[in-house]
Amino acid sequence: MSSTDQLGFSFRPAERRVWTVRDLVVAVRTHIEREYSDIWVEGEISNFRAHDSGHLYFTLKDQNSQIRAVMFRSQARLLRFRPENGMQVVLRGRVTIYEDRGELQISAEYLEPKGAGALLIAFEQLKAKLEAEGLFEPGRKKPIPTLPRRIGIVTSPQAAALRDILNIVRRRHHSASVLIFPAQVQGEAASAEVSAAVAYFNKARNVDVIIVARGGGSAEDLAAFNHEGLARVVAASGIPVISAVGHETDFTIIDFVSDLRAPTPSAAAELVIRSRQEVEDQAEGLRQRLARAMEYRLLMGRQALTELARHGAFGRMTDVINRRQQKLDDLKNRMDRAERQILESQHRRLQVAAAAVRHYDVRRMLAGIRRELDARVAALAACIRTILLQRRGRLNQLEGQLEALSPLAILDRGYALVFDPSGMLLKDAARVKPGDEISARLSKGSVTATVKRGKQK
């Protein structure tokens, strides 16, 4: 419908378009998502809520404004830290509209703390959580065996840390046995493999102490040892665990839950293995202290008896005291002899044990097996040569017999093989007649002839 004004112009009103609420929200959402499909936003987290579904809901705000944000489970499970209210973060995602409420929100794809890194925050959060549970308490840590016979090592077979530990064990106490459980010590699968190694040793009970070893690296390289599951497995271990991860300045979560932290893998080997000389020196020191203590006690007793003997009331007891003192001297001599016998017995046991260890030295066993194997290989080679010579002689004999029976050998003695016109071997003169062509095979070559006459015998 049109209308005319006073000047005679004709006007047509604009066509009215009526939107449904949902269509309008969808249209606006499509426009916004196209314009703001990949943005970075910085702000403070508030109203944080982690849903049972695994999705994270929170508000991102600054001094003047705020906007809702959501991070779905597929992205949230990749976070290395737990977001908290009041945390300053940098978010990457896209702006969208939640259609059911018509609210503007950000769908987050990536989230990182502002300032401190995600790994450091995750480390501090997990450390505070486990410390609150009492897993770092000194009272729950198990003592490390003084001289373990069997040592379990969890590390990568290619790691330099493993070679360092083995060299120290071999140098300081070569009779100790080592059981290696190969495991990755870097990457996503590392924490699960190290946990499986500690669990295996606890189930098998085949070692006295466990060393978890890895050389130095960046915070990302050592992140596997800040895993909560691995920390709980180490804390629950019934076998003492020594953490030897990184360098002296590197700290991981398992350093706090393990029974002993070594600054380096080499230091872990030094701590768990005391050299035989140290043990012998300590035993000798204890023996000397015991001897001095006994001598002191005896001297003090003798002095006390002497002072008592000076009193007249004890004059008639001198003989009794002298006899007791003589018995005391005898007991001292017997004790000295018993002490020497015990030490000699222990020394002999040590020598027997050392001889037994040398007897079962793996390298000697392998050398013996190798010598036996070389002898058997040499015997087998000689047997094969004998058989080959016998077979060669038999072959030469058969070759001579075959050569003697060969028709061609007869030709060398001047004989010839004669064939009729059809190529058949000619044995009867009646089979040819004058004029037929015959051929003869000689030792060297052949000839063709024409029959002139035949003669039958």
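Rules used throughout
Residues numbered from 1 in each chain as written. Predicted model: local features only at pLDDT ≥ 70, side-chain atom pairs only at ≥ 80, totals over all residues. Heavy atoms only, no water. Axes fitted to C-alpha atoms, helices over the stretch in contact; angles between N-to-C directions. Helix = DSSP H or I, 4+ residues; strand = E, 2+ residues; numbered from the N terminus. Parallel < 35°, antiparallel > 145°, perpendicular 65-115°, else oblique. Left-handed = near helix turned anticlockwise from the far one by under 90°. Contact = heavy atoms within 4.5 Å. Nonpolar A, V, L, I, M, F, W, Y, C, P; charged D, E, K, R; others polar. Phe/Tyr/Trp six-rings, centres within 6.5 Å; stacked < 30°, edge-to-face > 60°. Buried < 20%, exposed > 50% of the residue type's maximum accessible area, 1.4 Å probe, protein only. Polar contact = N/O pair within 3.5 Å; in protein donor to acceptor, adjacent residues only side chain to side chain. Salt bridge = Lys/Arg side-chain N within 4 Å of Asp/Glu carboxyl O. Patch = residues over 30% accessible without salt bridge, like charges linked within 9 Å, V, L, I, M, F, W, Y side chains within 5 Å. Areas by Shrake-Rupley, 256 points an atom, 1.4 Å probe, with all protein chains shown as cover. Pairing = 2+ DSSP bridges. Core = buried A, V, L, I, M, F, W, Y, C linked by side-chain atoms within 4.5 Å.

Draft legend 1. Expanded view of the packing of helix α5 (residues 190–204) against helix α6 (residues 228–235). Between α5 and α6, the least distance of the axes is 9 Å, while the angle of their chain directions is 15°. In terms of axis orientation, α5 runs roughly parallel to α6. The chirality of how α5 crosses α6 is left-handed. Taken together, the residues of α6 that come into contact with α5 (itself represented by Ser191, Val194, Ser195, Val198 and Ala199) are Gly229, Leu230 and Val233. In terms of residue class, the contact of α5 with α6 is made up of five nonpolar, three polar and no charged.

Draft legend 2. Quick peek at the packing of aromatic side chains. On inspection of all chains with the given rule, the structure shows five aromatic pairs. When the ring of Tyr200 is compared with that of Phe201, the centres are 5.5 Å apart and the planes differ by 55°; the resulting orientation is tilted. When its relative accessible area of 0% is taken as the criterion, Phe201 is described as buried. Every member of this aromatic cluster is reached through a ring pair, and the members are Phe181, Tyr200 and Phe201.

Draft legend 3. Geometry of the packing of helix α4 (residues 160–172) against helix α8 (residues 265–272). Remark: α4 packs on α8, axes separated minimally by 8 Å, with the N-to-C direction vectors making an angle of 25°. Put simply, α4 runs roughly parallel to α8. Once α4 is placed against α8, the crossing between them reads as right-handed. On the side of α4, the interface is formed by Ala161, Asp164, Ile165, Ile168, Arg171 and Arg172, while α8 contributes Pro265, Ser266, Ala269 and Glu270. For the contact of α4 with α8, the residue count by class is five nonpolar, one polar and four charged.

Draft legend 4. Just the side chain of Thr96, in detail. Mapped onto the fold, Thr96 is located in strand β6 (residues 88–98). With relative accessibility at 6%, the residue Thr96 sits in the buried group.

Draft legend 5. Geometry of the side chain of Asp259. Along the polypeptide, Asp259 turns up in the loop between α7 (253–257) and β12 (260–261). Here the side chain of Asp259 touches Lys142 through a polar contact of 2.7 Å, landing on its backbone nitrogen. One polar contact links the side chain of Asp259 to the main-chain amide nitrogen of Val241, over a distance of 2.9 Å. Dropping the residues within four chain positions of it, Asp259 is found in contact with Arg140, Lys141, Lys142, Ile144, Ile239, Pro240 and Val241.

Draft legend 6. Structural detail: unusual backbone geometry. Positive phi outside glycine occurs at Asn47, with the angle close to 55°. Locating Asn47 in the fold gives a position in strand β3 (residues 39–50). Positive phi outside glycine occurs at Arg205, with the angle close to 55°. With respect to the helices and strands, the residue Arg205 is situated in the loop between α5 and β10 (209–214).

Draft legend 7. Local environment of the pattern of salt bridges. The full count for this structure, using the stated rule, is 12 salt bridges. Residue Lys142 is joined to Asp259 by a salt bridge in which the shortest nitrogen-to-oxygen separation is 3.3 Å. Of this pair, Lys142 sits in the loop between α3 (118–132) and β8 (150–155) while Asp259 sits in the loop between α7 and β12, and the two are 117 residues apart along the sequence. Relative accessible area serves as the criterion here: at 9%, Asp259 is assigned to the buried category. It is possible to trace a salt-bridge network through shared partners that takes in Arg68, Arg101 and Glu103.

Draft legend 8. Highlighting a nonpolar patch on the surface. A surface patch of nonpolar side chains, about 250 Å² in accessible area, is lined by Trp19, Leu24 and Val28. With respect to the helices and strands, the residue Val28 is situated in helix α1 (residues 21–35).

Draft legend 9. Region of the structure containing the sheet that holds strand β4 (residues 56–61). Strand order in the closed barrel made by the five strands is β3-β4-β5-β7-β6, with mixed pairing throughout. For this sheet, the mean inter-axis angle between neighbouring strands, taken without regard to orientation, is 50°. In the packing of α1 onto the sheet, contacts are made with β6 and β7 (103–113), and the angle to β6 comes to roughly 140°.

Draft legend 10. The pairing of strand β14 (residues 437–441), seen in detail. Residues Ile438 and Ala440 line the buried face of β14, whereas the alternating positions Glu437, Ser439 and Arg441 sit on a face that is not buried. Bridge count for strand β13 (residues 417–419) against β14 is three bridges, and the pairing is antiparallel. In the strand pairing of β14, Phe419 is matched with Ser439. Alignment of β14 against strand β15 (residues 446–450), held across five bridges, turns out to be antiparallel. Paired with Ala440 across the two strands is Val447, which belongs to β15. Counted between consecutive antiparallel strands, the loop separating β14 from β15 contains four residues, among which Gly445 sits at a positive phi close to 90°.

Draft legend 11. Summary view of the nonpolar core. Membership of the largest hydrophobic core comes to 26 residues, with the highest contact counts inside it found for Val154, Ile210, Val212, Phe225, Ile254 and Val257. Listing elements by their share of this core, those giving two or more residues are α3, α5, β10, α6, β11 (241–245) and α7. Setting aside its immediate chain neighbours within four residues, Val212 contacts Val154, Val194, Val198, Phe225, Val241, Ile242, Ser243, Ala244, Val245 and Ile254.

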